[in-house]
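Chain by chain, the residues run as shown.
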Amino acid sequence: MFRRKNPLAEFASAVYARTAAEARAPELFEACGVPDTLDGRFDSLALHAAIMIDRLRREADGEALAQEFFDAMFRHLDVTLRELGVQDLGVGRRIKIMAEGLHGRALAYRAALGGGSPPLGEVLRRNAYGGRPPVDDQMVARLEAYVRRRAARLAETPRNNLSSTENGPST
C-alpha cells in the first residue's frame, strides 16, 4: 500500500497486457490453425512473449525490463490457474512447467528467427500448436509469415509505443 511505484514494472505490466491480448487474436486460431484450447492459448502466449522479450532486451535496461515482463506474465498466469480451480499445491508445479516451456520455446524461436536451424516453420510446427499436429502446411506458412511480420514491427517500434494499442505493432 505504501510502496513506491516501480515505473519499470508498471511499463512491463502494460506491455504484457498488450502482448497477451495480441496472443488471443482470432487470426491465430482461425487462419493459422493454433488450437483454441488451453494448451494452444498458452503456446500462442509463449510465442508472443518470446518475441517481446527479445525486443525488450534490446533496450539499455533490457535485462531488467525483460525480467519485469516475465514476472508480470507469471503473476497473471498464477491468478489464471487459481481461477481455473487449480489447487494451491498444484499451482507452483504448473507455473514451473510453464516457465520451463516458455524458456525452451523462446530459445528455439530466437534461433530460428536468427536464421538458425531448424527453420522457423519447423519450430512453429513443434511448439505453437498445443501439442497437436497443425492442420496443414498452409496454416504453418501463414503463422510463420505472421511471426516474421510481428518481429519486424516490434524491432521498429519505439520503446514507449510497445504498450500502446494505437501506436505499436498490429497483429
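Structural data are supplied above this passage.
One structure accompanies this document, and this report is about it. (Residues numbered from 1 in each chain as written. Predicted model: local features only at pLDDT ≥ 70, side-chain atom pairs only at ≥ 80, totals over all residues. Heavy atoms only, no water.)

## Some thoughts on the environment of Thr-37
Then step 1. Tracing the sequence through the fold places Thr-37 in the loop between α2 (26-30) and α3 (38-56).
Then step 2. Considering only alpha carbons, one finds Thr-37 and Ile-95, 58 residues apart in sequence, at a separation of 18 Å. (Helix = DSSP H or I, 4+ residues; strand = E, 2+ residues; numbered from the N terminus.)

## Observations concerning the side chain of Asp-43
Then step 1. With respect to the secondary-structure elements, Asp-43 resides in helix α3.
Then step 2. A polar contact is formed between the side chain of Asp-43 and the side chain of Arg-105, at a distance of 2.9 Å.
Then step 3. Dropping the residues within four chain positions of it, Asp-43 is found in contact with Arg-105, Asn-127, Ala-128, Tyr-129, Gly-130 and Gly-131. (Polar contact = N/O pair within 3.5 Å; in protein donor to acceptor, adjacent residues only side chain to side chain. Contact = heavy atoms within 4.5 Å.)

## Notes on helix α7 (residues 137-156)
Then step 1. Helix length check: α7 (20 residues) gives 29 Å between terminal C-alpha atoms against 28 Å at 1.5 Å per residue, within 8%.
Then step 2. Taken together, the buried positions of α7 are Met-139, Val-140, Leu-143, Tyr-146, Val-147, Arg-150 and Leu-154. On an axial view of α7, the arc spanned by its buried residues comes to 120°, and they lie on one face. Seen from the buried face of α7, the exposed residues on the opposite side, beyond 90 degrees, are Asp-137, Gln-138 and Glu-156. (Expected span 1.5 Å × (residues − 1). Buried < 20%, exposed > 50% of the residue type's maximum accessible area, 1.4 Å probe, protein only. Arc of directions from axis to C-beta.)

## Some details on the packing of aromatic side chains
Then step 1. Enumeration according to the criterion identifies two aromatic pairs in this entry.
Then step 2. Taken together, a centroid distance of 5.8 Å and an interplanar angle of 70° make the contact between Tyr-16 and Phe-69 edge-to-face. Here the residue Tyr-16 occupies a position in helix α1 (residues 7-23), and Phe-69 occupies one in helix α4 (residues 62-83), the gap between them amounting to 53 residues.
Then step 3. Overall, Tyr-16 belongs to the buried group, its relative accessible area being 5%.
Then step 4. Their ring planes at 40° and their centres at 4.6 Å tell us that Phe-70 and Phe-74 sit as a pair that is tilted. One end of the pair is Phe-70 and the other is Phe-74, both in helix α4 and four residues apart, which spans about a single turn.
Then step 5. With a relative accessible area of 26%, Phe-70 lands in the partly exposed category.
Then step 6. Judged by its relative accessible area of 8%, Phe-74 is buried.
Then step 7. The ring centre of Phe-29 lies 5.4 Å from the NZ or CZ of Arg-41, which sits over that ring. (Phe/Tyr/Trp six-rings, centres within 6.5 Å; stacked < 30°, edge-to-face > 60°. Lys NZ or Arg CZ within 6 Å of the ring centre and 35° of its normal.)

## Thoughts on the nonpolar core
Then step 1. With 50 residues, the main nonpolar core has Phe-69, Met-73, Leu-77, Tyr-109, Leu-124, Leu-143 and Val-147 as its most contacted residues.
Then step 2. Only α1, α2, α3, α4, α5 (88-113), α6 (120-127) and α7 provide two or more residues apiece to this core.
Then step 3. Sorting elements by how many residues they give to this core places α3 first, with 10 residues.
Then step 4. Ignoring anything within four residues of it in the chain, the contact list for Val-147 reads Leu-47, Ile-51, Leu-113, Leu-120 and Leu-124. (Core = buried A, V, L, I, M, F, W, Y, C linked by side-chain atoms within 4.5 Å.)

## Some points on α1
Then step 1. The terminal C-alpha atoms of α1, which comprises 17 residues, lie 24 Å apart, in line with the 24 Å expected from a rise of 1.5 Å per residue.
Then step 2. At its buried positions, α1 is contacted by α2, α3, α4 and α7.
Then step 3. For α1, the side-chain oxygen to backbone nitrogen distance between the N-cap and Leu-8 is 3.0 Å, and the N-cap itself is Asn-6.

Nothing here speaks to function; it is geometry throughout.
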